[in-house]
Amino acid sequence: MYRTHNCGELRMANVGEEVTLSGWIQGSRDLGFMMYTDLRDRYGITQLIFTEENTTKEVFESARTLGREYVVKVKGTVLERKSKNPNIPTGDIEIDVNDLEILNASKVPPFTIEDDTDGGDELRMKYRYLDLRRKPVQENLIFRSRVAVETRSYLSQAGFIEVETPVLIKSTPEGARDFVVPSRMNKGQFYALPQSPQTFKQILMVGGFDKYFQLVKCFRDEDLRADRQPEFTQIDCEMSFVTQEEILNTFEGLTRYLFKTCKGLDLPEFPRMTYDEAMEKYGSDKPDTRFGMEFHNLNGVAKGKGFPVFDSAELVAGINAEGQADNYSNKDIKKLTEWMQRPQIGAKGLVYVKFNTDGSIKSSVGKFYSDDDLKAWGEEFGAKPGDMLLILSGEEEKTRKQLNELRLEMGERMGLRNPQEFKPLWVVDFPLLEWDEDTERFHAMHHPFTSPKKEDVERMMNGDHETMKALRADAYDLVINGVEIGGGSIRIHDRDLQSRNFDLLGFTREEAMAQFGFLLGAFEYGAPPHGGLAFGFDRLCAVMMGQNTIRDFIAFPKNNQGRDMMIDAPSPIHDEQLDELCLGIHLPKEA
Ligand code: ASP
């Protein structure tokens, strides 16, 4: 037998028992006549003591050879510790070892297996099997498993059926590039890996399945911005004969249930906000609503007073950093301005107005505006003494985006973004189509299967170009703490409307048939009204744990270049394989 207990479970109640434990050596302290060793497994750490008197000479000598990460089995008696360690659950006891078996030796690990390790990202990814031994990584993956189990439990109780959809498919556009897989049996032809099971879940609705879900891998070949993974997991769902309202309620229910069962937390309300309102107040379709600091439009009060920068701007807007007037010296403001001017944000400048606690007003545009003018600005915001307005101007869309960055930064600095507080929000009524000036084409804001709002269908079928820009969709996103957890839509289930959408998106009839003929065909055989959504599962887990990186919730993540550092993929394949696949690209062999 390898163990009677794990390394996290022995307590005072076990004192006197003979036990067997197995695990990894965390570290040892050799005092000459005795040795303390920490034994670790995924349940915890238990202190072992080896003394010359209580064991044989061989065992004692063998204990001295133990290095970090050796795998051992020990037998011994549970003792009460003289000096207890209140920091760990097993801190009251230790094991007086009388027998030791080394199950496997270990090389010295390239980084420490501790909560705060000295290993850098790349090194830890290369030796992922060692990183996986660290407690924070294990806790995240155990949490993920819990969320997965509870998701399945909730959805199956609600009558959802889990169905697996294929991985070797034809492209489903979700706005990224496809990963493709060459077919050996159909030379010169390719499968695509699903960016999502979108078309399949819709086909399942046509097939009468009514409520579908799947925890499913999706693949998107995107330029890897921070915190994207080329493969990630979704909680993917679809329902028939439902309204948007019913979908939102179902998944609000799921979200509440997950927070309750996995974190013991009751979430506050899930307010709804239209896309337009979100853009207007926060300059973002995923606002962090843990704090206010909403935008105010100053066009009415700031323009036409002779300050050329504002006069020529499409939008003058700002935020109120409450109580910050005293906290920002000229130097601090200069630094903040420089931060806003970095190319990532690209603001031209930053205007401030301080309403000092002594009643005085100070502003970088004081030359152009009287105190009364500036007071009028303050009134727009309901500013109090001690508050500081931060104002940007320029082209409308850009200015809103920049102000969004500034708001988030100020929220962070002012401690308003507590990772242990959770504020959900449904953003609804997204535009159906997005006009791309560069390519002069419409893109689907969500995806090409999203339905316009009922009242917009007629206009979509018959309207002109400008009308298309104003169409609204029954599309929605769930946002928690400024992070997009997921989104979905009511789908088009009418063949003609779907064809019209493909037209608008620039597909020729032939292209649409070649790519989506199966779906258009299915719509001719009694497709029910349907809709659904998908949550980013890795991201949901990260947000629930108050963390930022999804990579930390994936057992074997890829780095920023999309590489798996441990198995070293992607990698070249043999010429024979290339020939078999008719790929014929024989790259020169590296010297
Ligand atoms: N397929 C969509 C996505 O991956 C979700 C949905 O519309 O249900 O974002």
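Residues numbered from 1 in each chain as written. Predicted model: local features only at pLDDT ≥ 70, side-chain atom pairs only at ≥ 80, totals over all residues. Heavy atoms only, no water.

Draft legend 1. The arrangement of the overall build of the chain in detail. Of the regular secondary structure elements, the chain holds 18 helices and 22 strands. Based on the C-alpha atoms only, the size of the chain along its principal axes is roughly 90 × 75 × 60 Å. Residue pairs at least 24 apart in sequence account for 66% of intrachain contacts in the chain once pairs closer than 6 positions are excluded. When the accessible surface of the chain is summed, it comes to about 29300 Å², and 50% of that surface belongs to carbon and sulfur atoms. (Helix = DSSP H or I, 4+ residues; strand = E, 2+ residues; numbered from the N terminus. Contact = heavy atoms within 4.5 Å. Areas by Shrake-Rupley, 256 points an atom, 1.4 Å probe, with all protein chains shown as cover.)

Draft legend 2. Quick look at the site of the ligand. Near the ligand there are 14 residues, and of these Glu174, Gln198, Lys201, His446 and Arg491 occur at the shortest range. Between Arg220 and the ligand, the recorded distance is 3.0 Å, taken from a side-chain N or O atom to an oxygen atom. Alone, the ligand offers 270 Å² of accessible surface; in the complex the protein occludes 92% of this. Listed by contribution, the elements that provide at least two residues to the shell around the ligand are α5 (198-206), β21 (483-490) and β22 (530-536). Ranked by residues supplied to the shell around the ligand, first place goes to β22 with three residues. (Near = heavy atom within 4 Å. Polar contact = N/O pair within 3.5 Å; in protein donor to acceptor, adjacent residues only side chain to side chain.)

Draft legend 3. Main features of the state of the cysteines. Under the definition given, this model contains zero disulfides. Unpaired in this structure, Cys262 has its nearest cysteine sulfur neighbour in Cys541, at a distance of 8.2 Å. (Disulfide = S-S within 2.5 Å.)

Draft legend 4. A look at the pairing of strand β4 (residues 71-80). Relative to β4, strand β1 (residues 18-30) is paired through seven bridges, and the arrangement is antiparallel. When the sheet's bridge partners are listed, Leu21 is paired in β4 with Val74. Relative to strand β5 (residues 93-104), β4 is paired through 10 bridges, and the arrangement is antiparallel. If you follow Leu79 over to β5, its bridge partner there is Glu94. (Pairing = 2+ DSSP bridges.)

Draft legend 5. Up close: the pattern of salt bridges. On inspection of all chains with the given rule, the structure shows 46 salt bridges. Between Arg133 and Glu69 there is a salt bridge whose closest N-O contact spans 2.8 Å. Here Glu69 lies in the loop between α1 (57-64) and β4 and Arg133 lies in the loop between α3 (128-131) and α4 (135-157), a separation of 64 residues in the sequence. The residue Lys558 makes a salt bridge to Glu231 at a minimum N-O spacing of 2.9 Å. Of this pair, Lys558 sits in the loop between α17 (537-544) and α18 (575-580) while Glu231 sits in strand β10 (residues 231-240), and the two are 327 residues apart along the sequence. (Salt bridge = Lys/Arg side-chain N within 4 Å of Asp/Glu carboxyl O.)

Draft legend 6. Representation of the side chain of Asn501. One can find Asn501 in helix α15 (residues 495-504). Since its relative accessible area comes to 1%, Asn501 is described here as buried. Within the structure, Asn501 has its side chain in polar contact with the backbone oxygen of Pro448 (distance 2.8 Å). Here Asn501 is in contact with Leu432, Leu433, Pro448, Thr450, Met460 and Ile492, once residues within four sequence places are set aside. (Buried < 20%, exposed > 50% of the residue type's maximum accessible area, 1.4 Å probe, protein only.)

Draft legend 7. Up close: the nonpolar core. The biggest cluster of nonpolar side chains holds 37 residues, and the ones touching the most others in it are Val147, Phe251, Trp426 and Phe535. Element by element, the count of residues in this core is highest for helix α6 (residues 244-263), at seven residues. In this structure Phe251 touches Leu155, Phe160, Cys237, Met239, Trp426, Leu533 and Phe535, once residues within four positions along its chain are discounted. Counting residues in each nonpolar core, the second largest holds 29 residues, with Ala278, Ile492, Leu497 and Leu519 among its members. (Core = buried A, V, L, I, M, F, W, Y, C linked by side-chain atoms within 4.5 Å.)

Draft legend 8. The packing of aromatic side chains, seen in detail. Under the criterion given, the structure shown has 19 aromatic pairs. Taken together, a centroid distance of 4.9 Å and an interplanar angle of 70° make the contact between Trp435 and Phe442 edge-to-face. According to the relative accessible area criterion, Trp435 is partly exposed, its value standing at 26%. By the ring-pair criterion, three or more aromatic residues cluster together here, those being Phe307, Phe310, Phe368, Tyr369 and Trp377. Directly above the aromatic system of Phe291 lies the positively charged group of Arg407, at a separation of 4.0 Å from the ring centroid. (Phe/Tyr/Trp six-rings, centres within 6.5 Å; stacked < 30°, edge-to-face > 60°. Lys NZ or Arg CZ within 6 Å of the ring centre and 35° of its normal.)

Draft legend 9. Just α5, in detail. Here α5 has its buried residues at Gln198, Thr199, Lys201, Gln202, Leu204 and Met205. Looking at the buried side of α5, the elements it contacts are β9 (211-219), β10, α16 (509-522) and β22. Positive backbone phi, at 90°, marks Gly208, one or two positions downstream of α5.

Draft legend 10. Spotlight on the packing of α4 against α6. It is at 10 Å that the axes of α4 and α6 come closest, and there the two elements cross at 135°. Between α4 and α6, the interaxial angle falls into the category oblique. Of the two elements, α4 crosses α6, and the hand of that crossing is right-handed. Residues Phe143, Arg146, Val147, Glu150, Thr151, Ser153, Tyr154 and Leu155 of α4 touch α6, and the partners they reach there are Thr250, Phe251, Gly253, Leu254, Tyr257, Leu258, Thr261, Cys262 and Lys263. Its residues assigned to classes, the contact of α4 with α6 shows nine nonpolar, five polar and three charged. (Axes fitted to C-alpha atoms, helices over the stretch in contact; angles between N-to-C directions. Parallel < 35°, antiparallel > 145°, perpendicular 65-115°, else oblique. Left-handed = near helix turned anticlockwise from the far one by under 90°. Nonpolar A, V, L, I, M, F, W, Y, C, P; charged D, E, K, R; others polar.)

Draft legend 11. Region of the structure containing the sheet that holds β4. Read around the barrel, five strands follow the order β1-β2-β3-β5-β4 and close on themselves; strand pairing throughout is mixed. Neighbouring strand axes in the sheet, compared pairwise and without regard to direction, differ in orientation by 55° on average. Here α1 sits on the sheet in contact with β1, β2 (34-41), β3 (44-51) and β5, set at roughly 80° to β5.

Draft legend 12. Structural context of the side chain of Gln234. Position of Gln234 among the secondary structure elements: in strand β10. With relative accessibility at 9%, the residue Gln234 sits in the buried group. Non-local contacts of Gln234, meaning those with residues more than four positions away in its chain, are made with Ser196, Pro197, Gln214, Leu215, Val216, Cys218, Arg220, Ala534, Phe535 and Phe537.

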